[in-house]
Amino acid sequence: MIEHLYSYDEIDSTNELAKRMRDILKNGDIIWALKQTAGHGKGERIWYSPEGGLWFSIFFRPVTLRDPNIYTKMMAVAIIRVLRKFKIDEIGIKWPNDIYYGKEKVGGILTEIIHHGGKKEIVIGVGLNVNNDTNDIPNATSLKKITGKEFDLSHLLKRIHSEAIGLHNFVTKGQRNIITNLWRNSIVLKKGMKIKLLYPSGTYIGTVVSIFADSLVVERDGIKERVKPSEIEFL
Ligand code: BT5
């Protein structure tokens, strides 16, 4: 597979540009920007993307798209594997797919599906605080702050991309369970762990029973209930 790298000094959002460029993009192509002026997370959430961070999107044109979550998991695993090779060992996936170092967010992933006629394409956006300042972002940190070193963005991008493409082979071969297992082993959340449940009626403590890509089953006062990522917080 030969992929193209489209790089820019400044654009609105690599995910948005990927969507606009869908006609010419091929499997595995990358859109990379040194700075985003309208980077976003899920929904309307802003993603701060100043110079010094790694902001990119990878495009895939899947043959079938039964489970879009597998793409987000694949990318989270790719990032963790690369960062662990750089000896940033305490880095992990905060369920479901944020990249955390202790209680601070280092990166996030935004997977979006493009519907085109009867076909579906997928854009996976990655935001990683690398050499950029994160002082104005609540509960955030950067690789530079963690390690005391500057990183070569282009090298980091190539390493993550090649890890992701390697893992993508498992998706195309129908071996999704390999990615799910790698993802499960990299998440900070474990079965039996106590977490905070943020309900409209108040805050409670529950115990994790099962972990899924988009929900958790927790036990509270002997009753099992299903919760969404927005309803939990780590103790
Ligand atoms: C995410 O959203 O964590 C996914 C972010 C994906 C960003 C990439 S950058 C390349 C591509 N192009 C885009 O436009 N987006 C993707 P979410 O789970 O919704 O988290 C958003 C929340 O993270 C915000 O509400 C802030 O609280 C926090 N946040 C914003 N910028 C941050 C940053 N640089 N570092 C750490 N936390 C940040």
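Structure shown above.
Just so it is clear, the structure is predicted and the values come from calculations on it, not from any experiment.

How should the sheet that holds strand β5 (residues 98-101) be read in this particular structure?
Sheet strands pair by backbone hydrogen bonding; their relative direction is either parallel or antiparallel. Ordered by their spatial adjacency, 7 strands build an open sheet running β1-β2-β3-β7-β6-β5-β4, and the pairing between neighbours is mixed. If you trace the sheet from one side to the other, it starts and ends with β1 (5-11) and β4 (91-94), each paired once. The sheet shows a mean angle of 20° between the axes of neighbouring strands, taken without regard to direction. The pairing of strand β2 (residues 30-36) with strand β3 (residues 54-60) spans 4 bridges and is classified as antiparallel. Note on β3: the bridge partner recorded for I30 is I58.

What should I look at first to understand the sheet that holds strand β8 (residues 194-199) in this one?
With antiparallel pairing, the 5 strands of this open sheet are ordered in space as β11-β10-β9-β8-β12. The two strands at the open ends of the sheet, each matched to only one other strand, are β11 (223-227) and β12 (232-234). Within this sheet the neighbouring strands show an average axis-to-axis angle of 45°, counted without direction. Strand direction decides the pairing type here: β8 and strand β9 (residues 202-211), joined by 6 bridges, are antiparallel. Residue pairing in the sheet places Y199 in a bridge with G202 of β9.

When you look at the packing of helix α2 (residues 69-85) against helix α5 (residues 176-186) in this model, what are you seeing that I'm missing?
Helix packing for two helices is described by the angle between their axes and how far apart those axes are. Between α2 and α5, the least distance of the axes is 9 Å, while the angle of their chain directions is 55°. The angle between α2 and α5 places the two elements in the oblique class. Once α2 is placed against α5, the crossing between them reads as left-handed. Between α2, through I70, K73, M74, V77, I80, R81 and R84, and α5, the contact on the second element is made entirely by R176, I179, T180, L182, W183 and S186. Class assignment for the residues of the contact of α2 with α5 results in 7 nonpolar, 2 polar and 4 charged.

Reading the values: the criteria
- Residues numbered from 1 in each chain as written.
- Predicted model: local features only at pLDDT ≥ 70, side-chain atom pairs only at ≥ 80, totals over all residues.
- Heavy atoms only, no water.
- Pairing = 2+ DSSP bridges.
- Helix = DSSP H or I, 4+ residues; strand = E, 2+ residues; numbered from the N terminus.
- Axes fitted to C-alpha atoms, helices over the stretch in contact; angles between N-to-C directions.
- Parallel < 35°, antiparallel > 145°, perpendicular 65-115°, else oblique.
- Left-handed = near helix turned anticlockwise from the far one by under 90°.
- Contact = heavy atoms within 4.5 Å.
- Nonpolar A, V, L, I, M, F, W, Y, C, P; charged D, E, K, R; others polar.

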